[in-house]
Amino acid sequence: MQHLIDISDLSNKQIDVILRDATTFKTKRPIQLLQDKLLIALFFEDSTRTRSSFEIAAKKLGAAVVHLDPSTSSTNKGETLEDTFANLCAMQPDGVIIRHAQNDIPRQLADMEMTSVINAGAGNYAHPTQALLDLFTIMEHFNGDIKGKTVGIVGDIISSRVASSAIRLFERMGLNVILIAPKPFMPQSDLVQYENLDEALEHLDVIMSLRAQLERHQTPVFEDYQEYAKHYCITKERMQNREILILHPGPVMHNIDISDEMLQDPRCKVLEQVTNGVYIRMAVLKLLMLDA
Ligand code: ASP
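Rules used in this analysis
What you see as residue numbers is a count from 1 along each chain, following the sequence as written. In keeping with the predicted nature of the model, local features appear solely for residues at pLDDT of at least 70, side-chain atom pairs appear and are counted solely at 80 or more, and the whole-chain, interface and lining totals rest on all residues. By convention in this description, side-chain values take in all heavy atoms of the structure and omit both hydrogens and water. Only the stretch in contact is used when a helix axis is fitted, and all axes are lines through C-alpha atoms; the angle between N-to-C directions ranges over 0 to 180 degrees. A run of H or I in DSSP counts as a helix once it spans at least four residues, and a run of E counts as a strand once it spans at least two, with each numbered from the N terminus. Each crossing is labelled by how the near helix is turned from the far one, with a counterclockwise turn of less than a right angle marking it left-handed and a clockwise turn marking it right-handed. Pairs of residues are marked as contacts when any of their non-hydrogen atoms sit within 4.5 Å. Note that Gly is not counted as nonpolar here; it falls among the polar residues with everything else outside the nonpolar set of Ala, Val, Leu, Ile, Met, Phe, Trp, Tyr, Cys and Pro and the charged set of Asp, Glu, Lys and Arg. Nearness here has a simple test: a residue counts as near a molecule or strand if at least one of its heavy atoms is within 4 Å of that partner. What qualifies as a polar contact is a pair of N or O atoms within 3.5 Å, subject to a donor-acceptor requirement within protein and to the restriction that residues adjacent in sequence count only when both atoms come from side chains. Using a 1.4 Å probe, accessible areas were evaluated by the Shrake-Rupley method; residue-level cover was limited to the displayed protein chains. Remark: exposure states derive from per-residue accessible area (1.4 Å probe, protein chains only) relative to the maximum for the residue type, with buried under 20%, exposed over 50%, and partly exposed in between. When DSSP finds two or more bridges between a pair of strands, those strands are recorded as paired. Classification remark: right-handed applies to a crossover when, strands pointing away from the viewer, the course from the first strand over the helix to the second runs clockwise.

A.B. asks: So what exactly am I meant to see when it comes to the packing of helix H5 (residues 128–141) against helix H11 (residues 270–291) here?
C.D. replies: Each packed pair of helices is defined by two parameters, the angle between the axes and the distance between the axes. Direction vectors running N to C along H5 and H11 enclose 115 degrees, while the axes themselves pass 8 Å from each other. The interaxial crossing formed by H5 with H11 has right-handed handedness. From H5, Thr129, Gln130, Leu132, Leu133, Asp134, Phe136, Thr137 and Glu140 reach across to H11, where they touch Glu272, Gln273, Asn276, Gly277, Ile280, Arg281 and Val284. Broken down by class, the residue content of the contact of H5 with H11 amounts to five nonpolar, six polar and four charged.

A.B. asks: Help me understand the site of the ligand, please; the structure alone is not making it clear to me.
C.D. replies: Inspection of the region around the ligand gives Arg99, His127, Arg161, Val162, Arg211, Gln213, Pro249, Gly250 and Pro251 as its neighbouring residues. The side chain of Arg99 places a nitrogen or oxygen atom 3.2 Å from an oxygen atom of the ligand. For the ligand, an oxygen atom lies 2.8 Å from a polar atom in the side chain of Gln213. Calculation on the ligand without its partners gives an accessible area of 270 Å², and the protein chains cover 92% of this total. Looking at the shell around the ligand residue by residue, the class counts come to three nonpolar, three polar and three charged.

A.B. asks: Looking at this model, I keep getting lost on the pairing of strand E4 (residues 116–122). Mind explaining?
C.D. replies: Along a regular strand, successive side chains alternate from one face of the sheet to the other. E4 sits mainly inside the fold: seven of its seven residues count as buried. One ladder, built from five bridges, connects strand E3 (residues 95–100) with E4; its direction is parallel. Opposite Ile97, over in E4, you have Ile118 as the bridge partner. With helix H4 (residues 105–111) bridging E3 and the parallel E4, this β-α-β connection has right-handed handedness.

A.B. asks: I keep staring at the sheet that holds strand E2 (residues 64–68) and nothing clicks. Help me out?
C.D. replies: Pairing is parallel in the open sheet, where four strands are placed in the order E2-E1-E3-E4. Looking at strand neighbours, the two that pair on one side only are E2 and E4, the edges of this open sheet. Averaged over all pairs of adjacent strands, the angle between their axes in this sheet comes to 20 degrees, without regard to strand direction. Against the sheet, H11 makes contact with strand E1 (38–43), E3 and E4, and its axis sits at roughly 155 degrees relative to E4, the strand it touches most.

A.B. asks: Would you explain the side chain of Arg216 in this entry?
C.D. replies: As for its placement among the helices and strands, Arg216 is situated in the loop between strand E8 (206–209) and helix H8 (225–232). Here Glu45 takes part through its side chain, which lies 2.9 Å from a polar atom of the side chain of Arg216. When near neighbours in sequence (up to four residues on either side) are disregarded, Arg216 contacts Glu45, Ala101, Gly123, Asn124, Ser159 and Arg161.

Pasting the structure below:
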């Protein structure tokens with residue numbers, strides 16, 4: 001039984017297969033490969049893109065998806081997550097897609113070895129399908145020639161599961177990663193770090209802008225995000241004519257993470273990431289449900 005809790009669960013060969021299958025799914029109408037499969041989605045944190053993307057991916061391949069809304073589940077009657085999970089597994093799904101605020105929950109459930117567990121975002125620890133879709137978008141942009149290209153991750157890196165998984169995947173695939181953030185958003189890391197975005201720009205081929213993860217801050221880190229935006233917002237003024245691919249996992253804080261003008265700029269591929277997310281998740285589901 002294979003799980004996807006983080007990138008380390010995938011071999012290089014499997015990553016290649018996912019990227020190849022995603023390209024095929026993007027170019028050809030997919031066949032109903034997962035027609036007899038059933039997935040349960042269990043989202044303990046809010047989601048727009050990831051949740052609908054998994055559901056669309058599953059449905060495009062013919063699988064059925066059942067969503068359990070944790071806010072109306074027996075968790076409210078004191079049932080433990082392990083019990084809830086075991087009961088859902090007793091209905092014999094082929095996989096459970098889970099998002100949770102705690103870093104270790106998806107791995108704990110996977111270790112019960114009752115069904116294939118797919119992490120759709122865990123705390124600030126991992127968001128593997130986001131990392132894969134970001135890699136896919138970068139590969140598409142550079143026609144596969146990504147070795148040695150430099151990605152600058154900008155923003156609330158310390159609280160971001162997107163950044164955590166991306167750093168692990170990108171380094172493994174031969175990309176350079178630079179961290180750009182004010183001190184309170186900068187994690188402990190051996191990677192090259194910049195506090196000043198303007199100084200870092202000349203080294204970058206890709207910018208991954210991140211939202212301040214306000215829901216994970218115990219106390220407000222910055223009083224005034226307009227002030228933060230002056231230093232870290234991706235604006236036309238700052239970018240000028242630089243050929244840098246701009247990514248963001250969403251939701252974008254308009255004019256704080258990226259300016260409205262830059263969101264319309266052809267260098268900004270935020271919606272292309274969302275499109276690619278469906279194909280990557282189709283490829284992930286195929287790998288876990290059929291190939292593995
Ligand atoms: N949607 C991404 C996540 O779930 C990024 C974000 O929320 O800022 O981690």
